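Analysis of the macromolecular model
Next come the chains, spelled out residue by residue.
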Amino acid sequence: MKKFVKSFLIFILICCFIPTCAYAADKTYNLVELGMSIDIPSDHIVFTRNMNEDDPNLDAYGLTKDGFLSLMTERSIYLNAWDVDVNYEIIVTMVDSPLEDFSQQSDTTLTTLAASLEPEYKNAGINLTDYEIYQHSQTKFIKLHISQLNNGSTVYGVQYHTVCDGKAINITMQSYAGKVSSANETILRDIVDS
């Protein structure tokens with residue numbers, strides 16, 4: 001009986017520890033202007049428009065709050081994150097849209113819309129290689145696989161594009177270390193699902 005009680009207590013401790021570890025793995029960022037919150041792995045460097053002037057990561061990456069905030073505003077960026085080694089970057093952008101909400105659109109309509117994006121991306125120097133519809137619990141996304149040249153090398157990306165409440169929102173991962181790996185796609189999907 002004593003052995004059973006000891007084993008049971010160890011099991012309870014392990015069960016209590018697992019959710020704590022899983023919860024500690026992400027940090028939630030409220031993006032009020034977008035009407036959403038998003039979870040980013042806690043080991044990532046993250047900046048939002050309300051970053052602190054004395055954020056040590058600004059200095060570590062040779063940035064200033066005013067300069068980086070200006071860039072974020074110019075490019076409609078509301079959150080910018082990267083892994084410690086800067087192998088990839090996660091960017092959340094938003095602009096106003098004439099459409100109201102992707103969740104009200106059929107998959108056929110969204111597939112047609114995705115196909116119509118190819119010339120627009122091409123004009124911006126971005127190669128759209130593939131797309132699919134991704135059903136989220138709160139909305140639908142068009143998931144795009146993209147690439148573009150940047151300083152003589154190819155940057156690959158995966159972008160989740162949606163429209164909610166008249167806001168076109170993109171959650172994009174850009175890989176600076178080759179094609180986006182399946183592990184990194186999982187990280188991005190988990191971020192989108194949050």
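Described in the following lines is the structure provided in the data block. These figures come from a predicted structure and were not determined experimentally. (Residues numbered from 1 in each chain as written. Predicted model: local features only at pLDDT ≥ 70, side-chain atom pairs only at ≥ 80, totals over all residues. Heavy atoms only, no water.)

So, about helix α5 (residues 182–193). Every α-helical turn comprises 3.6 residues, leaving residues that sit three or four positions apart pointing alike. Taking 1.5 Å per residue as the helical rise, α5 with its 12 residues ought to reach 16 Å, and the 16 Å between its terminal C-alpha atoms agrees with that figure. If you check which residues of α5 are buried, you get N184, L188, I191 and V192. One side of α5 holds all its buried residues, which, seen down the axis, span an arc of 100°. (Helix = DSSP H or I, 4+ residues; strand = E, 2+ residues; numbered from the N terminus. Expected span 1.5 Å × (residues − 1). Buried < 20%, exposed > 50% of the residue type's maximum accessible area, 1.4 Å probe, protein only. Arc of directions from axis to C-beta.)

As a further point, take the sheet that holds strand β9 (residues 167–175). An order of β3-β4-β5-β9-β8-β7-β6 is seen for the 7 strands of this open sheet, with the pairing classed as antiparallel. Lying at the two open borders of the sheet, with one neighbouring strand each, are β3 (45–48) and β6 (126–135). Taking the axes of each pair of neighbouring strands and ignoring which way they run, one obtains an average angle of 15° across the sheet. Bridge count between strand β7 (residues 140–150) and strand β8 (residues 153–164): 9 bridges; the pairing is antiparallel. Across the sheet, residue K143 finds its bridge partner in β8, namely Y160. Against the sheet, helix α3 (residues 65–74) makes contact with β3 and β4 (77–82), and its axis sits at roughly 120° relative to β4, the strand it touches most. Its contacts with the sheet put α5 on β5 (88–96), β6, β7, β8 and β9, and the angle it makes with β9 is roughly 160°. (Pairing = 2+ DSSP bridges. Axes fitted to C-alpha atoms, helices over the stretch in contact; angles between N-to-C directions. Contact = heavy atoms within 4.5 Å.)

Turning our eyes to something else, we now look at the environment of L188. Mapped onto the elements of the fold, L188 is located in helix α5. By relative accessible area, L188 is classed as buried at 0%. Spatially, the C-alpha atom of L188 lies 6.9 Å from that of M173, the residues being 15 residues apart in sequence. The residues touching L188, leaving out its near neighbours within four places in the chain, are V158, Y160, I171 and M173.

So, on to helix α4 (residues 107–123). Helix length check: α4 (17 residues) gives 25 Å between terminal C-alpha atoms against 24 Å at 1.5 Å per residue, within 8%. Its axis deflected by about 25° at L117, α4 carries its strongest bend there, up to four residues before the proline P119. Buried within α4 we find L110, A114, L117 and Y121. On its buried face, α4 sits against β6, β7 and β8. Downstream of α4 by a residue or two, G125 has a phi angle that is positive, lying close to 80°. (Bend = angle between axes of the 7 residues up to and from the residue.)

Ranked by internal contacts, the top residues of the largest apolar core, which has 24 residues, are I38, I40, L79, V92 and I171. Of all elements in the fold, only β1 (26–31), β2 (36–41), β4, β5, β8, β9 and α5 reach the threshold of two or more residues within this core. Looking at which element gives the most residues to this core, the answer is β5, with 4 residues. Not counting residues up to four positions away in its chain, the partners in contact with I40 are A25, D26, K27, Y29, V46, L79, A81 and I191. (Core = buried A, V, L, I, M, F, W, Y, C linked by side-chain atoms within 4.5 Å.)

The subject of this paragraph is the pattern of salt bridges. In total, this model carries 2 salt bridges according to the counting rule given. A salt bridge links K140 to D107; the shortest N-O distance between them is 2.9 Å. Here D107 lies in helix α4 and K140 lies in strand β7, a separation of 33 residues in the sequence. Put simply, K143 and E185 hold a salt bridge, and the shortest N to O gap is 2.9 Å. Placement of the pair is K143 in strand β7 and E185 in helix α5, with a sequence separation of 42 residues. By relative accessible area, K143 is classed as buried at 10%. (Salt bridge = Lys/Arg side-chain N within 4 Å of Asp/Glu carboxyl O.)

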